[in-house]
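Here is how the chains run, residue by residue.
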Amino acid sequence: MTPLLEVTDLRITFRRDSGPPIVAVDGVSFTVSAGEVVALVGESGCGKTLTGLALPGLLPPGAELDATTHIRFNGTDLAGLSEDALRGYRGRRIAMIFQDPLTSLNPVMRVGTQIAEAIRAHQQVSRGEARQRAIALLGEVGIADPEERVDSYPHQLSGGMRQRVMIAIALAGEPELLVADEPTTALDVTVQAQILELLDRLRVSRRMAVLLITHDLGIVAGRADRVIVMYAGRIAETATTVALFATPAHPYTRGLFASIPRIEGSSGRLPSIPGTVPRPDQWPIGCRFHPRCPVVIANCREVQPPLEAVATSHLAACWWRRRRPGEHATGPGRRARQALPRRRIPQRQCARRARRRGCLLRHRSR
Amino acid sequence: MTTQTKFGLGLLALLTLLAVVGPLVAADPNAQRDLLNGTLQPPSLAHLLGTDEFSRDVFSRLASGARISLGVAVVAVAVAAFLGMVIGLAAGASDGGLSGLLRRCIDIGLAVPRIVVLLVLLSAIGTVPMWLFALVLGATGWPAMARLIRGETLRLRHAQFVAAARALGAPEVRILWREILPGALPPVLVAATLGVADAMLLEAGLSFLGLGAPPPAASWGGMLLESRSVMAVAPWLVLAPGLALVAATSAATLLGDALRRRLQPDAK
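Model, not experiment: these values are computed from the prediction. (Residues numbered from 1 in each chain as written. Chains lettered and ligands numbered in written order. Predicted model: local features only at pLDDT ≥ 70, side-chain atom pairs only at ≥ 80, totals over all residues. Heavy atoms only, no water.)

Undergrad: Please clarify how the overall build of chain B should be interpreted in this entry.
TA: Counting its secondary structure elements, chain B contains 11 helices and zero strands. Moving toward the C terminus, one meets the helices and strands of chain B in the order α-α-α-α-α-α-α-α-α-α-α. For chain B, the spread of C-alpha atoms along the three principal axes comes to 80 × 45 × 30 Å. Per-residue burial for chain B yields a buried fraction of 46% across its 268 residues. Considering only residue pairs separated by 6 or more positions, chain B has 73% of its internal contacts joining residues 24 or more positions apart. (Helix = DSSP H or I, 4+ residues; strand = E, 2+ residues; numbered from the N terminus. Buried < 20%, exposed > 50% of the residue type's maximum accessible area, 1.4 Å probe, protein only. Contact = heavy atoms within 4.5 Å.)

Below, the structure written as structure tokens:
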């Protein structure tokens, strides 16, 4: 099956008045198939959001795509399209929702008007018809009393309802791909679950692909088909959700797992990855993760690791796996290192491990 | 609603009544009744506010002057708000050269004293019809409005909901018109209401200098000018238009403040 979206060698550079340009996203490639949920995971400053914005050509001023970048959407390369042509894709083929649903809605317009405007921007319908469809959309995203809520202003709605309204606006153009940039970060946990549930339902009923951008592996569990872990503008690891939860191959991914709080188990200090993501102009030579990595070998400090197959459709960019016998790791975090030695585990165990790490396996007919 | 707001609304209602109904019920403002015995009559039942030195009824003149003075002020502010809105939006939304050029235009417009520009313009034109007078008054009032709108546009253009609208494929013009402008309006509404008071005083001042409505048309500033020489013997001639001006500017100021409290509760 040809994928709906195929991004090859995504490279985003910021030109500067003084000094060399900054490469914020550096050679990221991935695909999203129709009806698939792909999660893009990483800390702040990894380039996740830029990646999402680049798809419909919404990069901030000063940012540019490299000439080698291709963003193929249903076969068309969006990277070469004009602003006018791209506008035809926004909302209609690729829709976006953002982190903070309060600031994403116009505070001085009724939510029904905002949805109706989105509908009328994409389809030739009358005002009355657009309003009826807006009410229907509000109902579809699970807002009670859509007939009344359609005349509310954003400040009269709760955070979860506002995000539902945002989703309704995004659905107005009947997009094939929804880019959801941290859609639940501003919401509390129970509402988070409801919104994710809603996105899941919509992608099944509308066969809409979702690119879920998040820093939280916890919300990826059971929602995404595949996960792409980004670090410092590059892909660190990519795998199916089950494989990633069962056998995370990259030390960064393992660090992310270690820092998910658990309900059961010890109540000690939550482990975290030491340090922070370096700024794009201060990325280290070699593997960009090596200053924070618990298992650094000599190669890590000198050469950037390529993205290599660890198992079927499971790629990771790490030198540690290819260390010579007897080569020892240096680096911070002795405890993290103890959990490391890897061997292949059988499929049956794989699912069990994934479940233990909080991955709810789905049994859904497709 | 505060007492001040009620007072302002009351004044506004009275003035509107005066301007709309007054000229319909009052006598002809330019009729010279009795040039021998009827000049400079003090207020009486026949002439509620007395007569002037040409024996014209002062109440009639005040009522017809209300139409001119209030009308000129409102039209002038509307023109200024419209120009300011277009230029301010363009200055706030554009980038690079155009933005800098427009910003400098606004700064220059703010730096040059409005009254001087008006004096030069109006004396150059000579006798001006009232609609042109209102246009000129408005055309010199836009920089303050443009500055406000530009500021609001700069604040709103980076708002997330603007980015969201763009992400959903809205064209730039539509974003300006439907997303940014409605959010930029509240301070403009306040400034426009307060601006009516300014425009009214300017109109009166210019009329007083003889640059406003040409005689025999009655405007409040013109009435003040005509009554200046006889102020000692007929003080009601000064008091009537003077108090009307005070009432009108007070109404505009009080209502402007009320709007500000309502629309910008956080602004001090």
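Right, picking up where we left off after that structure.
Undergrad: Teacher, can you tell me more about the nonpolar core here?
TA: Most often, soluble globular proteins keep nonpolar side chains buried together rather than apart. Grouped together as the largest cluster of nonpolar side chains are 113 residues, with contacts concentrated most on A:Leu5, A:Ile115, A:Val165, A:Ile167, A:Leu177, A:Leu211 and A:Leu217. Of the residues forming this core, the biggest block, eight residues, is contributed by helix 6 (residues 159-171) of chain A. Summarising the domain contributions, this core has at least three residues from each of domain 1 (103-174) and domain 2 (248-339) of chain A. Each residue touching A:Leu177, except ones within four places of it in the same chain, is listed here: A:Leu4, A:Leu5, A:Val32, A:Leu55, A:Phe73, A:Arg93, A:Ile94, A:Ala95, A:Met208, A:Ala209, A:Val210 and A:Leu211. Counting residues in each nonpolar core, the second largest holds 57 residues, with B:Val77, B:Val128, B:Val188 and B:Leu206 among its members. (Core = buried A, V, L, I, M, F, W, Y, C linked by side-chain atoms within 4.5 Å. Domains from an automatic or database assignment.)

Undergrad: Would you take a moment to explain the packing of helix 3 (residues 58-93) of chain B against helix 9 (residues 172-208) of chain B for this structure?
TA: How two helices pack is summed up by the angle between their axes together with the distance between the axes. Residues and elements named next belong to chain B. Where helix 3 contacts helix 9, the two axes come as close as 8 Å, and the packing angle between them is 145 degrees. In terms of crossing hand, the pair formed by helix 3 and helix 9 is right-handed. Across the interface between the two elements, Ile-68, Ser-69, Leu-70, Val-72, Ala-73, Ala-76, Val-77, Met-85, Leu-89 and Ala-93 from helix 3 touch Leu-176, Ile-180, Leu-181, Leu-185, Ala-192, Gly-195, Val-196, Ala-199, Met-200 and Glu-203 from helix 9. Tallied by class, residues from the contact of helix 3 with helix 9 come to 17 nonpolar, two polar and one charged. (Axes fitted to C-alpha atoms, helices over the stretch in contact; angles between N-to-C directions. Left-handed = near helix turned anticlockwise from the far one by under 90°. Nonpolar A, V, L, I, M, F, W, Y, C, P; charged D, E, K, R; others polar.)

Undergrad: Explain the pairing of strand 5 (residues 70-73) of chain A here, please?
TA: Two faces make up the sheet, and in a regular strand the side chains alternate between them. All names here are of chain A. With burial as the criterion, only one face of strand 5 is covered, namely that bearing Ile-71 and Phe-73; the residues His-70 and Arg-72 on the opposite face remain uncovered. When strand 5 meets strand 6 (residues 76-77), the two strands line up antiparallel, connected through two bridges. Bridging across to strand 6, Arg-72 finds its partner in Asp-77. Where strand 5 folds back on strand 6, the antiparallel hairpin that results is connected by two residues, among which Asn-74 adopts a positive phi of roughly 50 degrees. (Pairing = 2+ DSSP bridges.)

Undergrad: It is not clear to me how the pattern of salt bridges should be interpreted in this structure. Could you clarify?
TA: A side chain with one charge may pair with a side chain of the opposite charge, provided their charged atoms come close. All names here are of chain A. For the structure shown, the criterion picks out 25 salt bridges over all chains. Across the pair Glu-197 and Arg-223 runs a salt bridge, and its minimum N-O distance is 3.2 Å. Pair noted here: Glu-197 is in helix 7 (residues 189-206) and Arg-223 is in the loop between helix 8 (217-220) and strand 10 (226-231), with a separation of 26 residues, a long-range link. Members of the salt-bridge network, linked through shared partners, are Asp-9, Arg-11, Asp-26, Arg-234 and Arg-288. (Salt bridge = Lys/Arg side-chain N within 4 Å of Asp/Glu carboxyl O.)

Undergrad: How should a nonpolar patch on the surface be read in this particular structure?
TA: Residues and elements named next belong to chain B. A cluster of nonpolar residues, Ile-115, Val-116, Leu-119, Val-120, Phe-208, Leu-209 and Leu-225, forms a patch on the protein surface that exposes about 550 Å² of accessible area. Looking at which element gives the most residues to the nonpolar patch, the answer is helix 5 (residues 114-125), with four residues. Residue placement: Phe-208 occurs in helix 9. Assessed through its relative accessible area of 32%, Phe-208 is described here as partly exposed. (Patch = residues over 30% accessible without salt bridge, like charges linked within 9 Å, V, L, I, M, F, W, Y side chains within 5 Å. Areas by Shrake-Rupley, 256 points an atom, 1.4 Å probe, with all protein chains shown as cover.)

Undergrad: For this particular structure, what's the right way to read the state of the cysteines?
TA: Every disulfide links exactly two cysteines, by a covalent bond between their sulfur atoms. For the structure shown, the criterion picks out zero disulfides over all chains. Between A:Cys300, a cysteine without a disulfide, and A:Cys287, which holds the nearest cysteine sulfur, the sulfur-to-sulfur distance is 5.8 Å. (Disulfide = S-S within 2.5 Å.)

Undergrad: In this structure, what is going on with the packing of aromatic side chains? I would like to understand it.
TA: Between two aromatic rings, the relevant description is the distance of the centres plus the angle of the planes. Residue and element names in this part refer to chain A. Applying the stated rule across the entire model yields five aromatic pairs over all chains. Ring centres of Phe-73 and Tyr-89 lie 6.0 Å apart, and the angle between their planes is 85 degrees; this geometry places the pair in the edge-to-face category. Here Tyr-89 lies in helix 2 (residues 83-89) and Phe-73 lies in strand 5, a separation of 16 residues in the sequence. The pair Phe-73 / Tyr-89 is uniform in exposure class, with both members buried. For the ring pair Phe-245 and Phe-257, a centre distance of 4.8 Å and an interplane angle of 75 degrees mean the geometry is edge-to-face. (Phe/Tyr/Trp six-rings, centres within 6.5 Å; stacked < 30°, edge-to-face > 60°.)

Undergrad: Which parts of the structure should I look at to understand the side chain of A:Arg164?
TA: All names here are of chain A. Assignment of secondary structure puts Arg-164 in helix 6. For the buried residue Arg-164, which engages in no salt bridge, the nearest side chain bearing the opposite charge is Glu-197, 9.6 Å off. A distance of 2.9 Å separates a polar side-chain atom of Arg-164 from the backbone oxygen of Val-141. For Arg-164, the contacting residues outside a window of four places in its chain are Val-141, Gly-142, Ile-143, Gln-194, Ile-195 and Leu-198. (Lys, Arg positive; Asp, Glu negative; His and termini not counted. Polar contact = N/O pair within 3.5 Å; in protein donor to acceptor, adjacent residues only side chain to side chain.)

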